[in-house]
Amino acid sequence: MMLHSLTDGFFRPLTTVLALTMMLTGCQWPADPERSLTAARERGALRVGVVANPPWVEVPDPAAPVGLESELVREFAERQDLDIQWHHRGVEQLVESLRRHELDLLIGGFSATHPWRAEVGQTFIYFNERNQQGTLGEHVILTAPGENALLLTLERFLFTRQDPEHYLPTLRAAGQP
């Protein structure tokens, strides 16, 4: 009895590690089934949908949106050595384009509880805010579904931008918390 429980304790984790290793070496990870990140690099540009929602995204000029998320995406694209193709339509049309992989990203001050969670991907919550009513806004950027290489690359960038001081001056100037 004692020998059986000792071998179970030793071999179970070893078996798990071996199974995971075999799975990961047989798969390309992170998965990017539609090749969004590779396609963006080949094209030389990210395709970004834009929904006006000040101060996160403002569109005084369709060719040059401004706002917190517009600036984040610009900086991300710069670091990837990519241009940006901005796309403007209604939010439902943009979500559908994202779902069909016709866009790479969608910005517009979306909260983590957006109604399209089951249809598209999203980053981790990169910024939390409280509005005048005291409710918390958990901000994410939407991504094409299943495009994990692009998502992981974007999240690595956003991780370096989690300091609230990066966002608060602009939010305060716009009358936000």
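All of the points below concern the structure found in this document. Since the model is a prediction, treat every value here as computed from it, not as a measurement.

Before going further, it helps to spend a moment on the overall build of the protein chain. When helices and strands are counted, the protein chain shows six helices and seven strands. Seen in sequence order, the protein chain has helices and strands lined up from the N terminus as α-α-β-α-β-α-β-β-β-β-β-α-α. Each of the 177 residues in the protein chain was classed as buried or not, and the buried ones make up 40%. When contacts within the protein chain are restricted to residue pairs at least 6 apart in sequence, those whose partners lie at least 24 apart make up 67%. A total of about 10100 Å² of accessible surface is found on the protein chain, and carbon and sulfur atoms cover 57% of it.

Right, let's talk about unusual backbone geometry for a bit. Cis geometry marks the peptide bond from Pro54 to Pro55, where omega comes out at 0°. Structurally, Pro55 can be placed in the loop between β1 (45–50) and α3 (68–79). You will see that Asp81, though not glycine, has its phi angle at about 60°, which is positive. Positive phi, normally seen in glycine, also occurs at His101, with a value near 65°. With respect to the secondary-structure elements, His101 resides in the loop between α4 (91–99) and β3 (105–107). Taking relative accessible area as the criterion, His101 reaches 19% and is therefore assigned buried.

Okay, the nonpolar core next. Grouped together as the largest cluster of nonpolar side chains are 25 residues, with contacts concentrated most on Leu46, Val48 and Leu105. Elements with a minimum of two residues in this core: α2 (36–43), β1, α3, β2 (83–88), β3 and α5 (148–159). In contact with Val48, other than residues within four places in its own chain, are Val73, Ile84, Gln85, Trp86, His87, Leu103, Leu105 and Ile107. One finds Val51, Leu106, Trp116 and Leu142 within the second-largest nonpolar core, a separate group that totals 13 residues.

What follows covers the packing of aromatic side chains. Overall, the coordinates contain three aromatic pairs when judged by the stated rule. Here Phe110 and Trp116 contribute two aromatic rings whose centre-to-centre distance is 6.0 Å and whose plane-to-plane angle is 85°, an arrangement assigned as edge-to-face. As far as burial versus exposure is concerned, Phe110 and Trp116 are alike and both buried.

So, about the sheet that holds β3. Ordered in space as β2-β1-β3-β7-β4, the five strands form an open sheet in which the pairing is mixed. Among the strands making up the open sheet, the edge pair consists of β2 and β4 (121–122). Pairing of β3 with strand β7 (residues 142–143), which is carried by two bridges, proceeds in the antiparallel orientation. Looking at the pairing, Leu106 lines up with Leu142 of β7. α4 rests against β1, β2, β3 and β7 of the sheet, and its axis sits at about 155° to β3.

Okay, the pattern of salt bridges next. All told, the structure shown has eight salt bridges when counted by the stated rule. The salt bridge involving Arg43 is made with Asp104; its shortest N-O contact spans 2.8 Å. Of the two residues, Arg43 sits in helix α2 while Asp104 sits in the loop between α4 and β3, which places them 61 residues apart along the sequence. By relative accessible area, Arg43 is classed as partly exposed at 32%. With a shortest N-O distance of 2.8 Å, Arg100 and Glu102 are connected by a salt bridge. A network of salt bridges, in which partner residues are shared, links Glu96, Arg99, Arg100 and Glu102.

Criteria and cut-off values
- The residue count restarts for each chain, going from 1 along the sequence in the order it is written.
- For a predicted model such as this one, the threshold for reporting local features is a pLDDT of at least 70, and the threshold for listing and counting side-chain atom pairs is 80 or more; totals across whole chains, interfaces and linings nevertheless cover every residue.
- Think of the side-chain values as coming from all heavy atoms in the structure, minus any hydrogens and water.
- Where helices and strands are cited, they refer to DSSP runs of H or I of at least four residues and of E of at least two residues respectively, numbered from the N terminus.
- Exposure categories follow from relative accessible area, calculated using a 1.4 Å probe and restricted to protein chains: below 20% of the type maximum is buried, above 50% is exposed, and the middle band is partly exposed.
- Note on contacts: a residue pair qualifies if any of its non-hydrogen atoms lie within 4.5 Å across the two residues.
- For the accessible areas, the method is Shrake-Rupley and the probe is 1.4 Å, while residue cover comes only from the protein chains on display.
- Definition used in this section: a nonpolar core is a set of buried Ala, Val, Leu, Ile, Met, Phe, Trp, Tyr and Cys residues joined via side-chain atoms within 4.5 Å.
- Each aromatic pair joins two rings of Phe, Tyr and Trp (for Trp, the six-membered one) with centres within 6.5 Å, and gets the label stacked for planes under 30 degrees apart, edge-to-face for over 60, and tilted for any other angle.
- Any two strands between which DSSP finds at least two bridges are classified as paired.
- For every element, the axis is a line fit to its C-alpha atoms; helices are fit only across the contacting stretch, and the angle between N-to-C directions ranges from 0 to 180 degrees.
- Each salt bridge in this description consists of a side-chain nitrogen of Lys or Arg and a carboxyl oxygen of Asp or Glu lying within 4 Å of one another.

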